[in-house]
Amino acid sequence: MSDGEPLLISDERHPNPYDTWEDKIRPIVAEFVGVTVFVFVGTMAVQTNDITSIGLAHGLMIALLIAGLGNIRSNAEDAKSSAIIERSRVHLILNMGEGEGTPLLVSGSNAGFKNENFEKVFRPVLAEFVGVTVFVFVGTMVVQTNDIVSIGLAHGLMIALLIMGIGGISGGHFNPAVTLGVALNGGISISLSVLYFFAQMIGGALGAAFTRAVLPSHVYHGNMSINGGAHTLSAEVEPGWAVLCEAILTFVLVFTVLMNALDKRNQDSVLTPLAIGFAVAVDIMGGGMTTGASMNPARSFGPALAVSTFNDDVWKHHYVYWVGPALGSLVAAGIYR
């Protein structure tokens, strides 16, 4: 070894032991430690016998582990991930000029070969369909907890996750009332908003059908407090006041969406999905015991359709969940304009 030559030299024949530690051993140790801690906390939380505490313990623990250990990975994986990200890099363009509020995904120099109808119509409509399907499935499944905090958090966090995940494709409406408010403010064309509406309604029906298939019959419709996750009025609530309640709750949601997602001053805020999710969660915690706090005709229609073969009464005041959200959305759109 010549003078001044580093002690640890990595080449193809003599790999650097430090590189082996960084690329192979350290990431494996991080995974081992992370899963050990996660399973320990998760199993300990089960003794609370409270679904909200169990869910929060698992979710917050995995978030902490990702924040603390998630960046420990091999240099090769980092390089590979960077290359993949660079190749698949997309630019999100929001064209508000002619009522086209749908994000257009343009990828590098191949943008000219993209099918415009697929990117501007089919893909956003599909995203709305998938999003509402997942949202309604989770929303109806969590009703079996019969805990208003769990129900509110599940709906709110799910909508926030959907906006983060696929909101860049469609705008993240997942609600006909939101689509109405956005359309009235020029954020989406009328023709596309109609397609969104049908996609959302079909998605709501499919999500509710999944819940019906998954849950045992005695849980799905045997317990009238669950009733397939469908929205019904409390016995003491008059339909007129229920419409007002739904209108106010929907106003809060739609106005939050308009101020955070449509307003140019807040469009780039990373807090937008959380703000919308919190609006959903707080509305449900506040009004859930009165009307169920739908704020979303797709969320109400799908479960009502699925459970109606067991309980026809679900349609008795169903109009509340259309009239209330429509009024709330109209008021929010009018004030925002």
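Residues numbered from 1 in each chain as written. Predicted model: local features only at pLDDT ≥ 70, side-chain atom pairs only at ≥ 80, totals over all residues. Heavy atoms only, no water.

As annotated in an unreviewed UniProt entry, the protein chain carries the name Aquaporin and comes from Mytilus galloprovincialis. The UniProt entry for the protein chain carries this comment under Sequence similarities (unreviewed entry): "Belongs to the MIP/aquaporin (TC 1.A.8) family." Here the protein chain is described in UniProt, under the heading Subcellular location (unreviewed entry), as follows: "Membrane". (UniProt positions renumbered as here; feature names shortened; annotations may be inferred.)

1. What to know about the nonpolar core
Among the nonpolar cores identified, the biggest contains 48 residues, and L253 and M295 are the most heavily contacted of them. Sort the elements by how many residues they give to this core and helix 9 (residues 239-262) lands first, with 7 residues. Apart from the residues lying within four places of it in its own chain, the contact partners of M295 are N175, A177, E246, L249, T250, L253, V280, D283, I284 and P325. Judged by nonpolar contacts, the second largest core, of 6 residues, contains L233, A242, V243 and Y321. (Core = buried A, V, L, I, M, F, W, Y, C linked by side-chain atoms within 4.5 Å. Buried < 20%, exposed > 50% of the residue type's maximum accessible area, 1.4 Å probe, protein only. Helix = DSSP H or I, 4+ residues; strand = E, 2+ residues; numbered from the N terminus. Contact = heavy atoms within 4.5 Å.)

2. Remarks on the environment of A247
On the secondary structure map, A247 appears in helix 9. Judged by its relative accessible area of 12%, A247 is buried. It is 7.8 Å that separates the C-alpha atoms of A247 and V323, two residues lying 76 residues apart in sequence. Those residues in contact with A247 that lie beyond four places of it in its chain are G324, L327 and G328.

3. Some points on the pattern of salt bridges
Considering all chains together, one arrives at 1 salt bridge under this definition. In this structure, R123 engages E119 in a salt bridge whose closest nitrogen and oxygen atoms are separated by 3.8 Å. Taken together, the residues R123 and E119, both in helix 4 (residues 116-141) and 4 residues apart, mark about one turn of the helix. You can call R123 partly exposed: its relative accessible area is 26%. Residue E119 is classed as buried on the basis of its relative accessible area, which comes to 7%. (Salt bridge = Lys/Arg side-chain N within 4 Å of Asp/Glu carboxyl O.)

4. Topic: the packing of aromatic side chains
Per the counting criterion, the structure on display carries 7 aromatic pairs. Here the aromatic rings of F251 and F255 are separated by 5.5 Å at their centres, their planes lie at 15 degrees, and the arrangement is stacked. Placement of the pair is F251 and F255 together in helix 9, with a separation of 4 residues, close to one helical turn. Note on F251: relative accessible area 25%, which makes it partly exposed. F255 sits in the partly exposed class, given a relative accessible area of 25%. (Phe/Tyr/Trp six-rings, centres within 6.5 Å; stacked < 30°, edge-to-face > 60°.)

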